[in-house]
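Descriptive analysis of the structure
The chain contents come next:
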Amino acid sequence: MMSLKYLVCIILSILSILPFWIMVMNATRSTPEIQQSALSLLPSKYLLNNLNILLNKSFNPLTGFFNSLIIATGATVLTVYFSSLTAYALTVYDWKLRQPFFTFIMAILMIPAQVSIIGFYQFMYRVHWTNSFWPLILPSIAAPGVVFFMRQYLLATLQLDIINSARIDGARELYTFNRIIIPIMKPAIATQAIFAFVGSWNQFFMPLVLLTDSKKYTMPIMVSLLRGDIYKTEFGSIYLGLTLTVLPLFIVYFTLSKYIIAGVALGSIKE
Amino acid sequence: MRRKSVNYAKYGYLFSLPFVLAFLVFSLYPIIYTTVIGFTDLKGLGKTTFKFLSNPFQNYQAVLKTVSFQKALVNTAIIWIINFIPQLLLALLLTAWFTNNRHKLRGQGIFKVMFYMPNIITAATVALLFYAMFGYPKGPVNDLLMSLGIIDSPYYFLIHKWPTRGIISFIQFWTWYGQTMIVFISGVLGINPELFEAADIDGASGPQTFLYVTLPCLKTIMLFTLVTSMIGGLQMFDIPRLLNLGGPDQSTLTASMFIYDQAFSGSYMYNRASAASMILFAIIAVLSAILFYIMRDKDAIRLAKEKKARMKAWKAQRRAAR
């Protein structure tokens, strides 16, 4: 029985890895090699050749990488800072609308971008913000899910004594938040920052609607170009393009996997 | 001497202000704007001016009558069901294995990392990777099936309806079962250990404990997973679009793709797309209401129930005394 369990787990692990393994191997193989046999578990020697073909067309991984980096970094910083601040307002201060505001945050938790996309697009079009990164960054200030998580964390860890003694020392409220609360929240911020970053990095729908200038394309938009006619038979290059987009995520994931798995577990509701 | 009392309540409002402003500008206003556009004649690339229609629900009627919109809703349901049922079952099975204390499975950390991994990879990349994997006439999957002798000649997966739906469902399953499993495991770890000890003392077997103790305790988390997965499923866009552009024959067209295609291609019918968005919004609102009900504050409800019970007892007492 135990060996069956291990067998199933190992097969599932292989299932996770295999598509990416084939992808990386094929990224090093020439188109004739792939046409001969598309399934190879060993690399070949055409990596540079594939890279040349890839970069000579519309796919520009560096542009995509840096655009995505700017957007994801901006969105992540705004999400974690303002969600922490909102959660702080919800836990530390006693104000009349506190409970209604929390109920409201719970109510908007699930509203997806798709339901407001037409209004959003028209709005951005009128203020000439299509092809700008701002509409992909600024909405991150309001992240209800992250506020919910941060509030849970503060409720469990924060002692009001700390704030009181800071007040006696004459610290202003925002100063207390920035200098005392943020460091306390570091573990929660780190977890949420990873998810915010990956979420923003992987976003496809919004950039697809807003960005038409190829210099502004993000990584997922660059990826979608690989499906076009220009790469039709350049199989090696297509696999290489995909590999280049997966590589940064692999590095992030396997360095931070411990925190990511812990974060997924924490994100669940506890009874 | 009386100390000057400071009113801290204003900071509650002040610190919530950025969130509220961002929500008003980037969510609420666009939602209202979308609602309004749904009642107008707004269409055509680059147009922003509009007139209200004499029949305000004309766009809604048109969308509901559109065959491709109906197809999109049906496809979304089919693809979601084929993905969710196996996902739930596998996640539960793995949860049972991973939380079994009598026969401890080793290497759990590594397995979790492997199972969850596909979830963080860009959906656009995953879609294209599977598009390449199921290539015809030459592709890794066809090569594998032929070398194993399962098929004699290459099979063109992506021109057939059900195989294409199956591939999309598989991708969804493959990216999400790890997450579902981790959430379930953390749910099991949150169960009062005394329950398991009691089951142990009563001589319950591993499967019995799982069926009669663990599963009932996971009910809330399972419902939560169900509803969030349904809402996520309704937003499906990246994978069906990049795998096969909603084809073959619109068999993998989803509601979000319908909205996108109406508004950003062809005759740029922002009004129809808005009406479709609002229909999608209504469906999601109902599902969210269910979720909200599931996650409601348990303690508050218990207190309210106790109060009600006390009132009842008190009334009964009074009646008996009379």
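Residues numbered from 1 in each chain as written. Chains lettered and ligands numbered in written order. Predicted model: local features only at pLDDT ≥ 70, side-chain atom pairs only at ≥ 80, totals over all residues. Heavy atoms only, no water.

Turning to the overall build of chain A, a few remarks are in order. The secondary structure content of chain A amounts to 14 helices and zero strands. In sequence order, the secondary structure elements of chain A are arranged as α-α-α-α-α-α-α-α-α-α-α-α-α-α. For chain A, whose C-alpha radius of gyration is 23 Å, the value lies well above the compact-globule estimate of 18 Å for 271 residues. Its C-alpha atoms put chain A at 75 × 60 × 35 Å along the principal axes. Expressed as a percentage of the 271 residues in chain A, the buried residues total 53%. A separation of at least 24 residues holds for 71% of the contacts in chain A among residues at least 6 apart in sequence. When the accessible surface of chain A is split by element, carbon and sulfur atoms take 66% of a total near 12400 Å². With 18 positive and 9 negative side-chain charges, chain A shows a separation of 3 Å between the mean positions of the two kinds. (Helix = DSSP H or I, 4+ residues; strand = E, 2+ residues; numbered from the N terminus. Rg over C-alpha atoms; globule rule 2.2 N^0.38 Å. Buried < 20%, exposed > 50% of the residue type's maximum accessible area, 1.4 Å probe, protein only. Contact = heavy atoms within 4.5 Å. Areas by Shrake-Rupley, 256 points an atom, 1.4 Å probe, with all protein chains shown as cover. Lys, Arg positive; Asp, Glu negative; His and termini not counted. Charge placed at Lys NZ, Arg CZ, Asp CG, Glu CD.)

This paragraph deals with the pattern of salt bridges. This model, assessed by the stated rule, comprises six salt bridges over all chains. Of the charged contacts in the structure, one is a salt bridge between Glu173(A) and Arg167(A), with a shortest N-O distance of 2.9 Å. There is no split in this pair, since Glu173(A) and Arg167(A) are both buried. Notably, a salt bridge pairs Asp249(B) with Lys71(B), separated by 4.0 Å at the nearest N-O pair. Taken as a pair, Asp249(B) in the loop between helix 11 (238-244) and helix 12 (255-264) and Lys71(B) in helix 3 (residues 67-98) lie far apart in primary sequence, 178 residues in all. When its relative accessible area of 28% is taken as the criterion, Lys71(B) is described as partly exposed. Each of Lys71(B), Lys161(B) and Asp249(B) takes part in one network of salt bridges that share partners. (Salt bridge = Lys/Arg side-chain N within 4 Å of Asp/Glu carboxyl O.)

On the chain B side, the residues contacting the 97 residues of chain A number 96 residues. Both sides together, the interface formed by chain A and chain B hides about 8800 Å², and carbon and sulfur atoms give 78% of it. For the pair chain A and chain B, the interface holds 22 residue pairs in polar contact (both at pLDDT 80 or more). Of the residues forming the side of chain A that touches chain B, the biggest block, 16 residues, is contributed by helix 1 (residues 2-27) of chain A. The residue inventory of the side of chain A that touches chain B, partitioned by class, reads 71 nonpolar, 17 polar and nine charged. (Buried area = accessible area lost by both parts, 1.4 Å probe. Polar contact = N/O pair within 3.5 Å; in protein donor to acceptor, adjacent residues only side chain to side chain. Nonpolar A, V, L, I, M, F, W, Y, C, P; charged D, E, K, R; others polar.)

In this fold, Ser200(A) is placed in helix 11 (residues 186-202). Those residues in contact with Ser200(A), other than ones at most four positions away along the chain, are Ile71(A), Ala72(A) and Ala75(A).

A few words on the packing of aromatic side chains. All chains considered together, the criterion is met by 52 aromatic pairs over all chains. Note on Phe57(B) and Tyr60(B): the rings are 5.8 Å apart at their centroids and 65° apart in plane angle, and the pair reads as edge-to-face. Assessed through its relative accessible area of 14%, Tyr60(B) is described here as buried. Ring centres of Phe98(B) and Phe115(B) lie 6.4 Å apart, and the angle between their planes is 45°; this geometry places the pair in the tilted category. Of this pair, Phe98(B) sits in helix 3 while Phe115(B) sits in helix 4 (residues 108-116), and the two are 17 residues apart along the sequence. When the ring centre of Phe102(A) is taken as reference, the NZ or CZ atom of Arg151(A) above it lies at 3.7 Å. Taking the ring centre of Tyr259(A) as reference, the NZ or CZ of Lys258(A) above it sits at 5.7 Å. (Phe/Tyr/Trp six-rings, centres within 6.5 Å; stacked < 30°, edge-to-face > 60°. Lys NZ or Arg CZ within 6 Å of the ring centre and 35° of its normal.)

The next subject is the nonpolar core. The tendency in soluble globular proteins is for nonpolar side chains to be buried as a group. Core analysis: the biggest nonpolar cluster contains 176 residues, and Tyr88(A), Leu94(B), Phe98(B) and Phe115(B) have the highest contact counts within it. When residues no more than four places from it in sequence are discounted, the contact partners of Leu94(B) are Cys9(A), Leu12(A), Phe115(B), Tyr177(B) and Met181(B). (Core = buried A, V, L, I, M, F, W, Y, C linked by side-chain atoms within 4.5 Å.)

What follows is about helix 6 (residues 140-147) of chain B. Buried within helix 6 of chain B are the following residues: Pro140(B), Val141(B), Asn142(B), Asp143(B) and Leu145(B). Once helix 6 of chain B finishes, Gly149(B) follows within two positions and takes phi at roughly 80°, a positive value.

In the segment running from Tyr136(B) into Pro137(B), the intervening peptide bond is cis, with an omega of -5°. Backbone geometry places His128(A), a non-glycine residue, at a positive phi of 55°. Within the secondary structure, His128(A) is located in the loop between helix 6 (117-126) and helix 7 (134-137). In this structure His128(A) comes out as exposed when scored by relative accessible area, which is 68%. A positive phi angle, close to 55°, is found at Gln250(B), a residue other than glycine.

Another aspect to go through is a nonpolar patch on the surface. All names here are of chain B. Judged by side-chain polarity, Leu-14, Leu-17, Leu-21, Leu-24, Val-25, Leu-28 and Ile-32 come together as a nonpolar surface patch covering roughly 570 Å² of accessible area. Checked against the element boundaries, Leu-17 lands in helix 1 (residues 9-37). On the basis of relative accessible area, Leu-17 is assigned to the partly exposed category, the value being 42%. (Patch = residues over 30% accessible without salt bridge, like charges linked within 9 Å, V, L, I, M, F, W, Y side chains within 5 Å.)

Moving on: the environment of Val188(B). All names here are of chain B. Among the secondary structure elements, Val-188 is positioned in helix 7 (residues 161-189). Sequence separation of Val-188 and Leu-129 is 59 residues, and the distance between their C-alpha atoms is 35 Å. Once you skip the residues sitting within four places of it in the chain, Val-188 turns out to touch Thr-95, Thr-99, Phe-196, Thr-214 and Leu-218.

Let us look at the side chain of Lys5(A). Relative to the elements of secondary structure, Lys5(A) occurs in helix 1. Although Lys5(A) is buried, it forms no salt bridge, and the closest oppositely charged side chain is Asp200(B) at an N-O distance of 14 Å. Residues in contact with Lys5(A), not counting those within four places in the same chain, are Trp97(B), Asn100(B) and Leu105(B).

Further remarks concern the packing of helix 5 (residues 98-107) of chain A against helix 8 (residues 144-157) of chain A. Helix-helix packing: each pair is described by the crossing angle between the helix axes and the interaxial distance. Residues and elements named next belong to chain A. Running from N to C, helix 5 and helix 8 point in directions that differ by 130°, and their axes come no closer than 8 Å. Between helix 5 and helix 8, the crossing angle belongs to the class labelled oblique. Like other packed secondary-structure pairs, helix 5 and helix 8 cross with a definite hand, here left-handed. Of helix 8, the residues touching helix 5 (which contributes Phe-102, Ile-105 and Met-106) are Pro-144, Val-147, Phe-148 and Arg-151. In the contact of helix 5 with helix 8, the residues fall into six nonpolar, no polar and one charged. (Axes fitted to C-alpha atoms, helices over the stretch in contact; angles between N-to-C directions. Parallel < 35°, antiparallel > 145°, perpendicular 65-115°, else oblique. Left-handed = near helix turned anticlockwise from the far one by under 90°.)

What follows covers the environment of Thr254(B). Residues and elements named next belong to chain B. Within the secondary structure, Thr-254 is located in the loop between helix 11 and helix 12. What makes Thr-254 buried here is its relative accessible area of 0%. Taking C-alpha positions, Thr-254 is 6.3 Å from Asn-75, a pair spaced 179 residues apart along the chain. Once you skip the residues sitting within four places of it in the chain, Thr-254 turns out to touch Ala-72, Thr-76, Met-236, Phe-237 and Pro-240.

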